[in-house]
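Residues per chain are reported as follows:
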Amino acid sequence: MSEAAEQVPAAGSTSVRRSRDVPQLVERARAGDPRAVARLITLVENGDPLLPAVAAALAPYAGQAQVVGLTGSPGVGKSTTTNELVRSLRARGHRVGVLAVDPSSPFTGGAILGDRVRMQDHATDPGVYIRSMSSRGHLGGLSAATPQAVRVLEGAGCDVVLVETVGVGQAEVEVASLADTTLVLLAPGMGDAIQAVKAGILEIADVFVVNKADRDGVDATVRDIQGMIALGERGPGQWRPQVVRAVASRGEGIDDIAAAIDKHRGWLVEHGELRRRQEARAAAEVEAIALGILRARIGSLRDGTELATLAAKVAEGGLDPYAAADTLLAQLVR
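Residues numbered from 1 in each chain as written. Predicted model: local features only at pLDDT ≥ 70, side-chain atom pairs only at ≥ 80, totals over all residues. Heavy atoms only, no water.

Asker: I tried to follow the overall build of the chain on my own but got confused; where do I start?
Answerer: When helices and strands are counted, the chain shows 12 helices and seven strands. Looking at the chain residue by residue over its 334 residues, the buried ones come to 46%. Restricting the contact set of the chain to residue pairs at least 6 apart, pairs at least 24 apart contribute 74%. Accessible surface, the chain as shown: approximately 16,400 Å² in total, 54% of it carbon and sulfur. (Helix = DSSP H or I, 4+ residues; strand = E, 2+ residues; numbered from the N terminus. Buried < 20%, exposed > 50% of the residue type's maximum accessible area, 1.4 Å probe, protein only. Contact = heavy atoms within 4.5 Å. Areas by Shrake-Rupley, 256 points an atom, 1.4 Å probe, with all protein chains shown as cover.)

This is the structure:
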């Protein structure tokens, strides 16, 4: 199910490329129509006014898919690993959705959306839906629309949703708040032992994947990561991140990665952590939507006189900015 399917209506069917019939789109997505899935995600990405209706229609299917995040620095092999994981999951009979987030240009806002090029092996598989998404300047390694796009794929009946972030640095950790299981990919030669213990992205891993394990220095990389894990304080029963070696370009170690994901899933269920993570994810979604609405309302205030009046008072020293903000919020509530 490639996203290109949105562009070409099936023979004998009504095109859904511009459809605004949300119940019908959801029904067709549930039936496995890739064009309906593509249309729903497009509505999500564009922040369409129909988005609340889409969210309401998809709500009954929330939490039914296993969400796995893949992140790491540029060049560690995220797309290749994702491609091979899809192959492994399909062999086990799972229906798989992939959201691959690509960086957008800070100048034009455009994006190549090239991650799916590495996943052409699955383009004709009806049990796989692959969607490239532009980050559109959103920080954290994801797109602002990614959480709702995950809900679309859950509603479309995907058993597993793989979310591949843009190439990230040490501080882009947003994927951890979206995924049930987070894979952090590393490769030999990407840094020394000091890099391994720096705070940030390495702290979010449920599973470490040392990819390109046929390179020199892999033993040192694994040793550094294991040393970092050993330094962490964990109580009885807490999850200890797994370290897996792989050569994704040759399909080596992929079964070990899948086994580590399964092991973490079992731990999540056994300890009630899966429900806690799902609730935390929902809280983050609600907060983000509420903040988005507030920003829109604040923006609308710029067209009036209230904000300009408050700004003038702050500039001349007649009012402090906190008091002005309280006044502004009171206006928003009213």
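Asker: Explain the confidence of the model for the chain to me, please; I cannot follow it from the model alone.
Answerer: Close inspection of predicted coordinates is inappropriate in any region flagged by low pLDDT. Averaged over every residue, the pLDDT of the chain is 82; the share at 70 or more is 81%. Note on residues 2–13: pLDDT under 50 across the span, and 23 contacts to partners over four residues away in sequence or across chains. (pLDDT = per-residue confidence, 0-100.)

Asker: Sorry if this is basic, but what is going on with empty space enclosed by the protein here?
Answerer: Leftover empty space is mapped by rolling, across the atoms, a probe with the size of a water molecule. With the rule as written, the count across this model stands at one cavity of 30 Å³ or more. What the largest cavity holds in volume is close to 50 Å³. Around the largest cavity, the lining residues are Gln66, Val68, Leu85, Leu89, Arg92, Val160, Leu162, Ala258, Ile261 and Asp262. Put simply, the parts of the chain that give the lining of the largest cavity at least two residues each are β1 (66–72), α4 (78–91), β4 (160–164) and α9 (254–270). Ranked by residue count, the leading element in the lining of the largest cavity is α9, at three residues. In terms of residue class, the lining of the largest cavity is made up of seven nonpolar, one polar and two charged. (1 Å grid on protein atoms, 1.4 Å probe; cavity = no way out; pocket = protein on both sides within 12 Å on 5 of 7 lines; lining within 4 Å. Points joined across faces, edges and corners; volume = space filled by probe spheres on them. Nonpolar A, V, L, I, M, F, W, Y, C, P; charged D, E, K, R; others polar.)

Asker: Mind showing me how you'd approach the pairing of strand β6 (residues 207–210) here?
Answerer: Regular strands place their side chains on alternate faces of the sheet. Of the two faces of β6, the one carrying Val207 and Val209 and the one carrying Phe208 and Val210 are both buried. Note: strand β5 (residues 181–186) against β6, four bridges, orientation parallel. Bridging from a neighbouring strand, Leu186 pairs with Val210 of β6. Crossover handedness for the path β6 to helix α8 (residues 218–231) to strand β7 (residues 242–245): right-handed. (Pairing = 2+ DSSP bridges. Right-handed = clockwise from strand over helix to strand, strands pointing away.)

Asker: Looking at this model, I keep getting lost on the sheet that holds strand β3 (residues 128–134). Mind explaining?
Answerer: In any sheet, the strands associate via hydrogen bonds between backbone groups, in a parallel or an antiparallel arrangement. With respect to topology, seven strands assemble into an open sheet ordered β3-β2-β4-β1-β5-β6-β7, the strand pairing being parallel. Looking along the sheet, the strands with just one partner apiece sit at the ends: β3 and β7. Taken over all neighbouring pairs, the strand axes of this sheet differ in orientation by 20° on average, direction set aside. Strand direction decides the pairing type here: strand β2 (residues 96–102) and β3, joined by seven bridges, are parallel. Bridge pairing in β3 places Val98 opposite Ile130. Running over the sheet, α4 touches β1, β2, β3, β4 and β5 and is turned about 175° from β4. Of the strands in this sheet, β5, β6 and β7 touch α8, which is tilted by about 170° from β7. (Axes fitted to C-alpha atoms, helices over the stretch in contact; angles between N-to-C directions.)

Asker: Can you help me understand the pairing of β4 in this one?
Answerer: For β4, the buried fraction is high: five of the five residues fall into the buried class. Burial of the side chains of β4 extends over both faces: Val160, Leu162 and Glu164 are buried on one face and Val161 and Val163 on the other. Where β1 meets β4, five bridges bridge the pair, whose relative direction is parallel. If you follow Val67 over to β4, its bridge partner there is Val161.

Asker: What is the right way to look at the nonpolar core in this model?
Answerer: Note that soluble globular proteins tend to have their nonpolar side chains buried in a common cluster. Core analysis: the biggest nonpolar cluster contains 31 residues, and Val37, Ile41 and Leu153 have the highest contact counts within it. Secondary-structure elements contributing two or more residues to this core are α1 (22–30), α2 (34–45), α3 (51–58), β3, α5 (146–155) and β4. Among the elements that line this core, the one with the most residues is α2, at seven residues. For Ile41, the residues in contact, after removing those within four places along its chain, are Leu99, Tyr129, Arg131, Ala149, Val152 and Leu153. Val96, Val128, Ile254 and Ile261 belong to the second largest nonpolar core, which has 24 residues in total. (Core = buried A, V, L, I, M, F, W, Y, C linked by side-chain atoms within 4.5 Å.)

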